[in-house]
Amino acid sequence: MEKKRDLWQRFSGYLVVAAGILLLIAVVQVLGLNELVAAGEEGVVTAVTPTTTATDSVATTAVTNTLPIVPLPVLNDNSLAPVPNPHTYQAKMPTHNFKIHIVTDFDTPNSIALQYGISADTIIGGNANISRESNLLQTGAELLILPVDGVLHTVKPGETLDAIAALYGVPVADIIGFPSNNLEAPFLRLIPDSQLVIPGASLGQFTFRAPKSVGNSGGAQQWAVVGTGTYIWPVDGRCLTSYYSGFHPGIDVSMAEGSPVYAADTGTVTYAAYAAGIYYDYGNLVVINHGNGYETFYAHLSGINAYPGQIVYQGDYIGSTGNTGRSSGPHLHFEIRSNDYGQNPLNRLTGPVRSCS
Ligand SMILES: [Zn+2]
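What you are looking at is a predicted structure, and each value in this text was computed from that prediction instead of being measured.

(A) Quick peek at the overall build of the chain. Helices and strands together make up the secondary structure of the chain, namely 6 helices and 16 strands. Looking at the chain residue by residue over its 357 residues, the buried ones come to 27%.

(B) Region of the structure containing the pairing of strand β14 (residues 331-338). A large share of β14 lies buried, amounting to 7 of its 8 residues. Sheet analysis places strand β6 (residues 251-254) next to β14, joined by 4 bridges and oriented antiparallel. Pairing of Asp-252 across the sheet is with His-333, part of β14. In this sheet, β14 lies alongside strand β10 (residues 294-301) in antiparallel orientation, the contact comprising 6 bridges. Counterpart to Thr-296 in the pairing with β14 is Ile-336. Relative to strand β15 (residues 341-343), β14 is paired through 3 bridges, and the arrangement is antiparallel.

(C) Seen up close, unusual backbone geometry. Residues Ala-185 and Pro-186 are joined by a peptide bond in cis, for which omega reads 0 degrees. Within the secondary structure layout, Pro-186 lies in the loop between α6 (172-177) and β4 (195-199). For Leu-188, which is not glycine, the phi torsion reads 50 degrees and is therefore positive. In this fold, Leu-188 is placed in the loop between α6 and β4.

(D) Up close: the pairing of strand β5 (residues 239-242). As judged from the 2 bridges shared by β5 and strand β16 (residues 354-355), these two strands associate in the parallel manner. Looking at β16, one finds that Cys-239 is bridged to Arg-354. With 2 bridges joining them, β5 and β6 adopt antiparallel strand pairing. Looking across to β6, one finds that Ser-242 is bridged to Asp-252.

(E) Geometry of the nonpolar core. Counting residues in hydrophobic clusters, the biggest one holds 41 residues, and the most contacted among them are Ala-272, Leu-285, Val-286, Tyr-298 and Ala-306. Residue assignment for this core shows that the elements contributing at least two residues are α4 (120-126), β6, β8 (267-274), β9 (284-289), β10 and β14. For this core, the two domains that each supply at least three residues are domain 1 (99-199) and domain 2 (239-349). In terms of nonpolar packing, the next biggest core, distinct from the first, is built from 9 residues, Leu-146, Leu-152, Leu-196 and Val-197 among them.

(F) Highlighting the environment of Leu-146. If you trace the backbone, Leu-146 turns up in the loop between β2 (142-145) and β3 (150-154). Judged by C-beta crowding, with 21 C-beta atoms within 10 Å, Leu-146 ranks as buried. It is 8.0 Å that separates the C-alpha atoms of Leu-146 and Gly-125, two residues lying 21 residues apart in sequence. Beyond its immediate chain neighbours, meaning those up to four positions away, Leu-146 contacts Phe-98, Ile-118, Thr-122, Gly-125, Gly-126, Leu-152 and Val-197.

(G) Broad picture of the sheet that holds strand β13 (residues 317-320). Pairing in this open sheet of 3 strands is antiparallel, and the strands run β7-β13-β11 from one edge to the other. Of all the strands in the sheet, the pair left with one neighbour each is β7 (260-262) and β11 (303-304). Of the strand pairs in this sheet, β11 and β13 are connected by 2 bridges, and their pairing is antiparallel. Across the sheet, residue Ile-304 finds its bridge partner in β13, namely Gly-319.

(H) Just the environment of Ala-256, in detail. Residue position: Ala-256 is located in the loop between β6 and β7. When the C-alpha atoms of Ala-256 and Gly-322 are compared, they prove to be 7.7 Å apart, with 66 residues separating the residues in sequence.

(I) Summary view of the confidence of the model for the chain. With 69% of its residues at a pLDDT of at least 70, the chain reaches an overall mean of 79. When the elements of the chain are averaged for pLDDT, helix α2 (residues 51-66) gives the smallest value, 42, and β7 the largest, 98. Segment residues 33-64 is flagged for pLDDT under 50; beyond a separation of four residues in sequence, or across chains, it makes 1 contact in the model. For residues 213-220, every residue scores under 50 in pLDDT, and the model assigns this stretch 16 contacts once sequence neighbours within four places are set aside.

(J) Spatial organisation of the environment of Tyr-243. By the secondary structure assignment, Tyr-243 is in the loop between β5 and β6. Classification of Tyr-243 by C-beta neighbours within 10 Å gives partly exposed; the count is 14. Separated by 90 residues in sequence, Tyr-243 and His-333 place their C-alpha atoms 10.0 Å apart.

Rules used in this analysis
- Residues numbered from 1 in each chain as written.
- Predicted model: local features only at pLDDT ≥ 70, side-chain atom pairs only at ≥ 80, totals over all residues.
- Helix = DSSP H or I, 4+ residues; strand = E, 2+ residues; numbered from the N terminus.
- Buried ≥ 20, exposed ≤ 12 C-beta atoms within 10 Å, placed from the backbone.
- Pairing = 2+ DSSP bridges.
- Core = buried A, V, L, I, M, F, W, Y, C linked by C-beta atoms within 7 Å.
- Domains from an automatic or database assignment.
- Contact = placed C-beta atoms within 7 Å.
- pLDDT = per-residue confidence, 0-100.

Spelled out as structure tokens, the structure:
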């Protein structure tokens, strides 16, 4: 019995202590809750309107305070993304595959350009080292043919795409967009001494310097062949629409379009292209220097069958009649010049002529 009471007293003593602890916890909890509620009510009362803003700024401040420095990655902006394989990246060299044209007899800048569907300017654009004077296009020369009208540019060290585009006055995008330039975004790295096609660019046009007649009296021999000094009719027709005069330095022989034109005498072709500059009236023009002070001009041709530098012999087929330049119908405008002065061809051509009208 005594033992039982002792046990009870002991047990009840524990119970009281336990109950006291529970009570204490309960009191603390209730007090704490009240404090929080009071605080919340106070917050709502004092800062009613800017609830969200206040909450946000509080939250941000809290984050900043607890997680300093480390910014979150922005996934849709790759400017900060690590470079893939930064140590193995190499700029690609351009991989052009140009055609090569070997200048043959009868080639002119215009005929070559026509053959490849490019402008005559582009022949210069792909071959910056060749002479701009169309007379000096050499047989056997190898010409690089660009696939589009433009210029082949050799990159200089330190040169930028913007600088190159500005140099030629073309959009940067056109240079980047040309496939075999191999400019890879985002680097667009230029390799010094590599070559870029600059679409739409030009280094200028072929020029035509009016050939000077050069006599052989004294001085060095300048011509491989010298004319006979006699002249044959350059076309088969004898019907003239215009005679030689102070206003018209040759004769106009009416001929059906495409009729053959022959070299009136042996000589060297000094021009064979669409006439440029002050000679634009002539259309497609062939000029032969006969090496004896005389030249002959064959104008308004529909086709040219000679090339600058070519040696032709009296009677050789050099082109066909046409209506190019300032011309009102198919005919051959034919001139004989002696040391740059026009001569009346009828003084040197034999046989009767008649007026067309
Ligand atoms: Zn004429």
